[in-house]
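# Results of the structural survey
What follows is the residue order along each chain.
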Amino acid sequence: EAGVVQSPRYKIIEKKQPVAFWCNPISGHNTLYWYRQNLGQGPELLIRYENEEAVDDSQLPKDRFSAERLKGVDSTLKIQPAELGDSAVYLCASSFGDSLKVYEQYFGPGTRLTVT
Amino acid sequence: AQTVTQSQPEMSVQEAETVTLSCTYDTSESDYYLFWYKQPPSRQMILVIRQEAYKQQNATENRFSVNFQKAAKSFSLKISDSQLGDAAMYFCASLLISNFGNEKLTFGTGTRLTIIP
């Protein structure tokens, strides 16, 4: 079974430039999460999707961040324009609700963003 | 709201010995899950072990076990027979359950575990 796929693995951009991250969840997983992990910290949720619907985006800075999950499968997270403080690792995770694994999230390898 | 505290930024242990990583959490909810995740330098978060709050029995997965003290809101991870491959950041996390399905994970700040050959 393929895991959560993310691309790119690394991205270096100058401030004020746009950037996008892509995530392909595990096949059949209906829930998708985007997390941001700052250096030396644990991940923090940015947005959670149930199929195509964003059910929790309360932590997403909506002035510069946007996300979409077309057709309830792949997802894209965008930052425009990027700021120095956006440098972090962006993690995607997915999960599927059944009686055994309903609360288990599987993580991708993340994208390390550096804003200069 | 929920908070997760890991008071040990770094720990080290001799190979083949046992080490315990500490975690405390704070929640007013009665239904929740607790997890330990491992994050090696590759950055991929890997689930190590999970504990349902309604279960009194401590979870065990091979060399990994937890000491779940619900009243004290404590959830420590014990690694027995430590191996070089256990070296990583370890994150404690809690998950609240909602009527709408999965909720978000709240993570602690992590403990960096070093294995000494």
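Residues numbered from 1 in each chain as written. Chains lettered and ligands numbered in written order. Predicted model: local features only at pLDDT ≥ 70, side-chain atom pairs only at ≥ 80, totals over all residues. Heavy atoms only, no water.

### Re the packing of aromatic side chains
The condition is simple: Any Phe, Tyr or Trp ring, taking Trp's six-membered ring, that has another such ring centre within 6.5 Å forms a pair; planes under 30 degrees apart are called stacked, those over 60 apart edge-to-face, and the others tilted. To qualify as a helix, a DSSP run of H or I must reach at least 4 residues; to qualify as a strand, a run of E must reach at least 2; elements of each kind are numbered from the N terminus. Buried, partly exposed and exposed residues are distinguished by accessible area as a fraction of the type maximum, computed with a 1.4 Å probe on protein chains only: under 20%, between the cut-offs, and over 50%, respectively.
Taken as a whole and assessed by the stated rule, the structure comprises 13 aromatic pairs over all chains. Here the aromatic rings of Y33 of chain B and F35 of chain B are separated by 6.3 Å at their centres, their planes lie at 20°, and the arrangement is stacked. Note on F91 of chain B and F107 of chain B: the rings are 6.3 Å apart at their centroids and 90° apart in plane angle, and the pair reads as edge-to-face. Taken together, the residues F91 of chain B in strand β10 (residues 88–96) and F107 of chain B in strand β11 (residues 105–107) connect sequence positions 16 residues apart. Residue F91 of chain B shares its accessibility class with F107 of chain B, and that shared class is buried. Members of the aromatic cluster, joined through ring pairs, are Y33, Y35 and F107 of chain A together with Y33, F35, Y37, F91 and F107 of chain B.

### Some details on the interface of chain A and chain B
Selection rule: In this analysis, two residues are considered to be in contact whenever any of their non-hydrogen atoms come within 4.5 Å of each other. Buried area is a sum: the accessible area each of two parts loses on coming together, probed at 1.4 Å, counted once for each and added. Whenever a carboxyl oxygen of Asp or Glu lies within 4 Å of a side-chain nitrogen of Lys or Arg, that contact is scored as a salt bridge.
On the chain B side, the residues contacting the 29 residues of chain A number 21 residues. At the boundary of chain A with chain B, total buried surface from both sides reaches about 2,000 Å², with 47% on carbon and sulfur atoms. Our count for the contact surface shared by chain A and chain B stands at one salt bridge. Salt-bridge contacts for E104 of chain A lead to R50 of chain B; the nearest nitrogen and oxygen are separated by 3.4 Å.

### With respect to the layout of surface pockets
Quick note on the threshold: Whether a set of points on the 1 Å grid over the protein atoms alone is a cavity depends on a 1.4 Å probe fitting there but being unable to get out, while an open set qualifies as a pocket with protein on both sides within 12 Å along at least five of seven lines; lining residues are those with an atom within 4 Å of a point. Grid points are joined across faces, edges and corners, and a volume is the space filled by probe spheres set on the points. Three categories are distinguished: nonpolar for Ala, Val, Leu, Ile, Met, Phe, Trp, Tyr, Cys and Pro, charged for Asp, Glu, Lys and Arg, and polar for the others, with Gly belonging to the last.
The volume enclosed by the largest pocket comes to roughly 480 Å³. Looking at the largest pocket, it is lined by 23 residues, and the ones nearest its centre are L39, G40 and R112 of chain A together with Q39 and R112 of chain B. Classifying every residue of the lining of the largest pocket gives 11 nonpolar, nine polar and three charged. Of the voids in this model, the second largest pocket is the one considered here, and its volume is about 330 Å³. Together, 17 residues line the second largest pocket, and P43, E44 and L45 of chain A together with T106 and F107 of chain B are the ones closest to its centre. Elements supplying a minimum of two residues to the lining of the second largest pocket: β5 (44–50) of chain A together with β1 (3–5) and β11 of chain B.

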